[in-house]
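Each chain is listed here by its residues.
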Amino acid sequence: MVGVSLRARTYSRSRRFVTLTHCPFCGYKFDCDESRPDHLADHDPEDAGLNPLGEIDDDHDTPLFEEVSTRVE
Ligand SMILES: [Zn+2]
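Predicted model only: the values in this text are computed from it and were never measured.

### Remarks on the overall build of the chain
- When its secondary structure is counted, the chain shows one helix and two strands.
- Start at the N end of the chain and walk to the C end: the helices and strands fall as β-β-α.
- Its C-alpha radius of gyration of 20 Å places the chain more than 25% over the 11 Å reference for a compact globule of 73 residues.
- Taken over the C-alpha atoms alone, the chain extends approximately 55 × 40 × 20 Å along its principal axes.

Printed below as a string of structure tokens:
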């Protein structure tokens, strides 16, 4: 399970900013002005519980839900 730490601040004119305080994959604590996307881009998909790049499960195209029938009147 991936945990997310966010900080929300409300500034003048009710502008609200939400900041990621810790990396959800490794728990690294960000400095206040550090680029979150740069750090997150250094992680691999496996860090988020996904398959490695280029590896596709055999059942990747299996429907997530059963087909739903609709009534036509
Ligand atoms: Zn990280």
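### Let's talk about unusual backbone geometry
- Despite not being glycine, Arg 13 has its phi angle at roughly 60 degrees, a positive value.
- For Arg 13, the position within the fold is in the loop between strand S1 (5-10) and strand S2 (16-22).
- Residue Ser 14 is not a glycine yet carries a positive backbone phi of 60 degrees.

### Brief notes about the environment of Asp 33
- Tracing the backbone shows Asp 33 in the loop between S2 and helix H1 (36-41).
- Along the chain, Asp 33 and Phe 65 lie 32 residues apart, while their C-alpha atoms are 43 Å from each other.

### Considering the pairing of S1
- In terms of burial, S1 is largely open, as just zero of its six residues are buried.
- Sheet topology note: the S1/S2 ladder contains six bridges and is antiparallel. Counterpart to Thr 10 in the pairing with S2 is Arg 16.
- Hairpin remark: S1 followed by S2, antiparallel, with five residues in the connecting loop; positive phi at Arg 13, about 60 degrees.

### Digging into the environment of Phe 30
- With respect to the element layout, Phe 30 can be found in the loop between S2 and H1.
- Classification of Phe 30 by C-beta neighbours within 10 Å gives partly exposed; the count is 15.
- Note: C-alpha distance between Phe 30 and Val 72 (42 residues apart in sequence) is 55 Å.
- Setting aside its immediate chain neighbours within four residues, Phe 30 contacts Leu 20, Thr 21, His 22 and Arg 36.

Criteria and thresholds
Residues numbered from 1 in each chain as written. Predicted model: local features only at pLDDT ≥ 70, side-chain atom pairs only at ≥ 80, totals over all residues. Helix = DSSP H or I, 4+ residues; strand = E, 2+ residues; numbered from the N terminus. Rg over C-alpha atoms; globule rule 2.2 N^0.38 Å. Buried ≥ 20, exposed ≤ 12 C-beta atoms within 10 Å, placed from the backbone. Pairing = 2+ DSSP bridges. Contact = placed C-beta atoms within 7 Å.

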